[in-house]
Amino acid sequence: MTFRFATVSGQRIDWRSVRSSPGTLAQMGCAYLAFCMFSLAVASALWLRGVHVAMSVAGFCMAAAGWALVVFGRHMKDAETISLQGASLVVECETAGRKVRSEFDRSRVHVEPKACDRSLIMVSAQGRSVEVGRYVRPELRQALASEIRMALRTA
């Protein structure tokens, strides 16, 4: 059986989707450092010309940009992993460094769109449910749901 979205290793099938980000945390840190150096250079030049408020404004801008980098950096590793092995389907969602793990009996799992074909995918069984597909393009979510349903029936 071939899969479009999954990775197969032995008897285990994994679907992993991650948040796309414009770069690594190190690259973002270097850009922030360059921003700080430029801001300090401009503020220093203005300070020497008598515009003393420039240093305060530069400090505020650097603090705001640093705070935004911290908030953004916490979400750079956001991911969803769906694993099918044996009699269980395990869904792990990581958001801002916090992992939530849900395990379902594969014989009772329902995998359906939450509302329509382009909405998030609802994985549910035994009164519990988890939404997945946040990091998959909306037009591919239906195909991902179909692939998971096929694997649940045949693997």
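Quick notes on the rules
- Residues numbered from 1 in each chain as written.
- Predicted model: local features only at pLDDT ≥ 70, side-chain atom pairs only at ≥ 80, totals over all residues.
- Heavy atoms only, no water.
- Helix = DSSP H or I, 4+ residues; strand = E, 2+ residues; numbered from the N terminus.
- Buried < 20%, exposed > 50% of the residue type's maximum accessible area, 1.4 Å probe, protein only.
- Salt bridge = Lys/Arg side-chain N within 4 Å of Asp/Glu carboxyl O.
- Lys, Arg positive; Asp, Glu negative; His and termini not counted.
- Polar contact = N/O pair within 3.5 Å; in protein donor to acceptor, adjacent residues only side chain to side chain.
- Axes fitted to C-alpha atoms, helices over the stretch in contact; angles between N-to-C directions.
- Parallel < 35°, antiparallel > 145°, perpendicular 65-115°, else oblique.
- Contact = heavy atoms within 4.5 Å.
- Pairing = 2+ DSSP bridges.

A. Geometry of unusual backbone geometry. Although it is not a glycine, alanine 96 sits at a positive phi angle of roughly 55 degrees. Relative to the helices and strands, alanine 96 resides in the loop between strand S4 (88-95) and strand S5 (98-105). Its identity as a non-glycine residue notwithstanding, glutamine 126 has a phi of 55 degrees, on the positive side. Here glutamine 126 shows up in the loop between strand S7 (121-125) and strand S8 (128-132). A relative accessible area of 47% means that glutamine 126 is categorised as partly exposed.

B. Structural view of the pattern of salt bridges. Inspection of the entire model under this criterion finds eight salt bridges. Between glutamate 80 and arginine 134 there is a salt bridge, and its shortest N-O distance comes to 2.8 Å. Of this pair, glutamate 80 sits in strand S3 (residues 79-85) while arginine 134 sits in the loop between S8 and helix H3 (141-154), and the two are 54 residues apart along the sequence. Owing to a relative accessible area of 3%, glutamate 80 belongs among the buried residues under this scheme. What makes arginine 134 partly exposed here is its relative accessible area of 40%. One salt-bridge network, in which partners are shared between bridges, spans Glu80, Glu131 and Arg134.

C. Expanded view of the side chain of arginine 106. With respect to the helices and strands, the residue arginine 106 is situated in the loop between S5 and strand S6 (110-113). Here arginine 106 sits buried without a salt bridge, and the closest side chain of opposite charge, aspartate 105, lies 7.2 Å off (N-O distance). A polar contact of 3.1 Å, which involves the side chain of arginine 106, links it to the backbone oxygen of leucine 152.

D. Expanded view of the packing of helix H1 (residues 25-48) against helix H2 (residues 53-74). Packing of H1 against H2 brings their axes to within 9 Å, and their N-to-C directions diverge by 175 degrees. With respect to H2, the axis of H1 lies roughly antiparallel. Residues Leu25, Met28, Gly29, Tyr32, Phe35, Cys36, Ser39, Leu40, Ala43, Ser44, Leu46 and Trp47 of H1 pack against Ala54, Met55, Ala58, Cys61, Met62, Ala65, Gly66, Leu69, Phe72 and Gly73 of H2.

E. Representation of the sheet that holds S5. Read from one edge of the open sheet, five strands run S1-S2-S3-S4-S5, paired in antiparallel fashion. Strands at the two margins of the open sheet, each flanked by one partner only, are strand S1 (6-9) and S5. In this sheet, adjacent strand axes meet at a mean angle of 15 degrees when their direction is disregarded. With seven bridges connecting them, S3 and S4 associate as antiparallel partners. Its bridge partner lying in S4, alanine 79 is registered against glutamate 94. In the packing of H3 onto the sheet, contacts are made with S1, strand S2 (12-18), S3 and S4, and the angle to S2 comes to roughly 165 degrees.

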